[in-house]
Amino acid sequence: MGTGTGGDDSLYPIAVLIDELRNEDVQLRLNSIKKLSTIALALGVERTRTELLPFLTDTIYDEDEVLLALAEQLGSFTVLVGGPEFVHCLLPPLESLATVEETVVRDKAVESLRKISQEHSPVDLEVHFVPLVKRLASGDWFTSRTSACGLFGVCYPRVSSTVKAEIRQHFRTLCSDDTPMVRRAASSKLGEFAKVLELDYVKSDIIPLFTALASDEQDSVRLLAVEAGVSIAALLPQEDLEDLVMPTLRQAAEDKSWRVRYMVADKFSELQKAVGPEITKNDLVPAFQNLLKDCEAEVRTAAANKVKGEVLPEDSRETIIMTHILPCVKELVSDTNQHVKSALASVIMGLSTILGKDNTVEHLLPLFLVQLKDEYPEVRLNIISNLDCVNEVIGIRQLSQSLLPAIVELAEDAKWRVRLAIIEYMPLLAGQLGVEFFDEKLNSLCMAWLIDHVYAIREAATCNLMKLVEKFGAEWAQNTIVPKVLGMANDSNYLHRMTTLFCINALSEVCGQEITTKHMLPVVLKMSTDQVANVRFNVARCLQKIGPVLDSSALQAEVKPVLEKLATDQDMDVKYFALEAISGMYLFNLPTYIFSETFSFSSILFFFFSFSLSP
Amino acid sequence: MSSGCLFVLRGFLCLIIKDGNLSLFLRLLVPCSSPYEIYLFFNLVCDPADVISTVEFNQTGEFLATGDKGGRVVIFQREPQGEYNVYSTFQSHEPEFDYLKSLEIEEKINKIRWLPPHNPAHFLLSTNDKTVKLWKVSEKDKRAEGYNLRDEEGRLKDLSTITTLQVPVLRPMDLLVEASPRRVFANAHAYHINSISVNSDCETYLSADDLRINLWHLNITDRSFNIVDLKPENMEDLSEVITVAEFHPHHCHLLAFSSSTGTTRLCDMRARALCDQHAKLFEEAVDPSRRSFFSEIVSSVSDVKFSHSGRYLLTRDYLTVKVWDLNMENKPVETYQVHDYLQTKLCSLYESDCIFDKFECTWNGTDSVIMTGAYNNYFRMFDRASLRDVTLEASREVCKRRAVLQPRRVCVGKKRKETDVSVDSLDFRKKILHTAWHPKENIIAIAASNNLYIFQDRLTPNGHHNMPEIQSAPPK
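Below is a short write-up of the structure.

What counts as what
Residues numbered from 1 in each chain as written. Chains lettered and ligands numbered in written order. Predicted model: local features only at pLDDT ≥ 70, side-chain atom pairs only at ≥ 80, totals over all residues. Heavy atoms only, no water. Helix = DSSP H or I, 4+ residues; strand = E, 2+ residues; numbered from the N terminus. Buried < 20%, exposed > 50% of the residue type's maximum accessible area, 1.4 Å probe, protein only. Contact = heavy atoms within 4.5 Å. Areas by Shrake-Rupley, 256 points an atom, 1.4 Å probe, with all protein chains shown as cover. Buried area = accessible area lost by both parts, 1.4 Å probe. Salt bridge = Lys/Arg side-chain N within 4 Å of Asp/Glu carboxyl O. Polar contact = N/O pair within 3.5 Å; in protein donor to acceptor, adjacent residues only side chain to side chain. Nonpolar A, V, L, I, M, F, W, Y, C, P; charged D, E, K, R; others polar. Core = buried A, V, L, I, M, F, W, Y, C linked by side-chain atoms within 4.5 Å. Pairing = 2+ DSSP bridges.

## Thoughts on the overall build of chain B
Each helix and strand counted, chain B has 2 helices and 35 strands in total. Looking at the 476 residues of chain B, the share that counts as buried comes to 56%. Restricting the contact set of chain B to residue pairs at least 6 apart, pairs at least 24 apart contribute 53%. Here chain B has roughly 21400 Å² of accessible surface; of this, 50% comes from carbon and sulfur atoms.

## Comments concerning the interface of chain B and chain A
Taken together, the contact pairs 43 residues of chain B with 47 residues of chain A. Ranking the residues of chain B by area buried against chain A places B:L165, B:V167 and B:R270 at the top, with a combined share of 19%. The interface formed by chain B and chain A contains 7 salt bridges. A salt bridge links B:K142 to A:D58; the nearest nitrogen and oxygen atoms lie 3.7 Å apart. The interface formed by chain B and chain A contains 21 residue pairs in polar contact (both at pLDDT 80 or more). Contributing elements (two or more residues each) for the side of chain B that touches chain A: β13 (132–145) and β14 (169–185) of chain B. When grouped by side-chain class, the residues that make up the side of chain B that touches chain A number 17 nonpolar, 12 polar and 14 charged.

## What to know about the environment of A:T353
All names here are of chain A. Mapped onto the elements, T353 comes out in helix α21 (residues 351–372). For T353, a relative accessible area of 47% puts it in the partly exposed group. In this structure, the C-alpha to C-alpha distance between T353 and A540, residues 187 residues apart in sequence, is 52 Å. Among all residues touching T353, those that are not within four sequence positions of it are C389, E392 and V393. Polar side-chain contacts of T353 include one of 2.7 Å to the backbone oxygen of G350.

## A word on the nonpolar core
In globular proteins that are soluble, nonpolar side chains generally tend to be buried together. Counting residues in each nonpolar core, the largest one holds 230 residues, and the members touching the most others are A:I232, A:I348, A:L465 and A:L543. Per-element tally for this core: the top contributor is helix α29 (residues 494–526) of chain A, with 12 residues. Excluding anything up to four places from it in sequence, A:L465 contacts A:C446, A:M447, A:L450, A:I481, A:V485, A:C503 and A:L507. By size, the runner-up hydrophobic cluster in this structure holds 31 residues, among which are B:L314, B:Y318, B:V338 and B:V423.

## So, the pairing of strand β23 (residues 303–306) of chain B
Residue and element names in this part refer to chain B. The alternating pattern of β23 places D303 and K305 and V304 and F306 on opposite faces, both of which are buried. Across 4 bridges, β23 lies against strand β24 (residues 312–316) in antiparallel orientation. When the sheet's bridge partners are listed, V304 is paired in β24 with T315. Taking the residues that link successive antiparallel strands as the turn, the β23-β24 hairpin has 5 residues, and the phi of G310 there is positive, at about 85°.

## Details of the environment of A:L521
All names here are of chain A. When you line up the elements, L521 lands in helix α29. Measuring from C-alpha to C-alpha, the distance between L521 and C542 comes to 9.7 Å, with 21 residues separating the pair along the chain. For L521, the contacting residues outside a window of four places in its chain are T516, L543, I546, L550, A554, E558 and V559.

Structure follows, in structure tokens:
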């Protein structure tokens, strides 16, 4: 950095930042844009307004990520241009950003515009902001018109009634725009706009727009109107709902396009909440039954997710589910589509808490049993993963007869991801089924996973053992799993021998010092002479891992000699891990040797030589 | 070939201009007396990479894009005077190698589709066998000037002279057209992509390969939905492949796809997420007595185009073009013979693999005329109302500027007129596979090997025959 006589050193970093605004490297440009506030601060409010902002207004040729950062920065630039009085200076650059083709950039520009609209005084809003919204709304390109849709809502409440009328007119125009993109944008903002309108205008303006959009020729527009319908319904008084909103919503639930029906199914809970209990009971429940029987699997899947009917009126919830929903659910259990069944399986257990013990046993239990035997593993897994809901109501024992075969089958599934998923539920199952049942039926499965041919399964199996021991205690471990694990140390397959070491890694802490020293350590030490180097260096790693559990006499007398021997091993990796273990353990036991946090290989070597010479 | 050289072709003065990097640009002039005037671009050096593989006008007709075997896209812009000049050229696809399958992936552009206009820039999708790319072609006419630490030549300034900060200023500069890749839609096709089509909802498009059709969102590159899958569990049961797929021009839920068995299916995406079950099947019953070994091969549909009105479907098979009314599935409303005289030559065409050529077909802007290519650099036009048809030739010999194309006649057996061409003398290596029609005017683009011919109806009322006789070079 130069130190000239006339130059100002403090300018240098800023000068670099400004120059990098147009560097060829995107990353540097991006960095500069992210520090735009620093630049603006150095330039002062006056030059920011007169020089920096005009330059930024025209830089919309840049990469998306730069534009995105710029759009975001400008949203919090008010102070840097001189406060609310001058906030309208930010409109030109944001206006040009609101017309770029990249949706994320446009959305961010709109977000920033919404933010700074709040900083406009009511007068400025009408003088500067509203004209911008109008320009965007009547722009040649659909990009600017879509951006306009998101801005009506923020200025409407703060302008005079004549301007309000103009804004409503612009919104109406956009709702019947030629391009589907603009109609989609208008459709998705309809609900938001309705919220800021006076109730009379909601009825006179929004309802016709909603009806028109909900019967648009493009299903991508219609499906967005469903969501708007939810917001609008929440705004209207109960007595108007039937006339103004319900016909359209009913029509949407029976739309020709599955995507629209899907949307109705997906938004069903919100819809129920918006229209209230009375209409729900009379109107939505039959509609929901149809959605559950829809010919398109995607729709049934979305509907199946909602069978719990969280927002049904408290008093009649049980009866509605029993009389109207349950018959459909019974059919869905044997649906032809696996996604439908698996969506159902993930929520069906939740019904038991609503229906109570007797109904669950009588009606739901048979369904659970059918799903537990489903041909698709995902369905069975979803049932098993939600067992806790049933457990609270009827106890898991009711299910155990069917549960077991299902678990065994999943445990032996050909797809390793399925096996992995069921392993993850083992601790949960163990907790609910109790130790005797577990020992009797499931223990052998857990042991079998240890010798699975997929590493991820063996790894999950070791982790599972640890969680089981946490549940059932060290004594149980010593009697049931430790002997089996240790037995594998003599296996002819080195991968299985390594699994023993991995299990010991996981179990030593939960089993405690006694079991570790008495039972595990001898086996580990014995394996240090294994002919496979991978086993040997895992012995070193294992010793390091269990070191903290052992007492110092065992460390000195048994572990140290073995590690020293491994440190002279022919194999480089074995040496490396042995040295790492030694250094790690001395860090633990001999506080005089202090290593820097990031010790390098050479420092370990150095230490090792001095160590081996000293005795 | 140096730029701007003059030379004489068949006694007429021509100007050949070497355009920036690939194609030579030639315009000729001649007295006129038939319906089509000519401009043409072509490449004198016959590099296989220059063979044009697709031609497409944009929605307004102001731009014309071509793709070639070398993976390049060339965009032509219509000047105010009416002729098309090179606007932008860019390399869309590069040759690749799939290491997992040990397959070479050609860079050849199979299809180009323009997106409806978004903003002042232009957007198009281009695809090779595996990957679809979204390109933005934009203009830049301003440049930032003024660095703090360097002068305009890039030399570092003496830091002691820096006493104030300078904000860059934008100044006008020569127009620069840039093409930048905006999205890459890859890894969704196991087979070769034969079609792409943008949906009228303007947010989705489809890509079709031999067995599957995928639906993409234009903003999402890492996910696509498979909507049609013809792949049988056992590949030995394979009986048909998808040859073309296209969306309906107005109804966002309708798409048509055709197969190698000569059928075209219409699917309604409203009915189901998976469109394996069609809504309509357009198929003409074949007279069993006329069945031969070649029946199925020649009935394979090589192109499908919805009419601009959306009411009709145009399909091209090896020997005919057919117009189907969407409301009538059992037979086409119109059938036009493209080159019926080849009926007797199918055997030799089979041996030379020509029988598998995929000819495209196109509608004019008002759906009243149909155009499709043929052999010997001939192309055919059919007027649907008058049922008149014409065979024209696009070749360098006949394409003189402002010349009027003379109709050609192919005769079987003895020549009746001097100008008749006998079937045996047709050149099957010269074929016109790709054609495009301006969406509003009677301007057509014909790709013949590495030549692009643009013809214009001389009767269009905007004074094209008063053009300057020799035109200046396109912008470099």
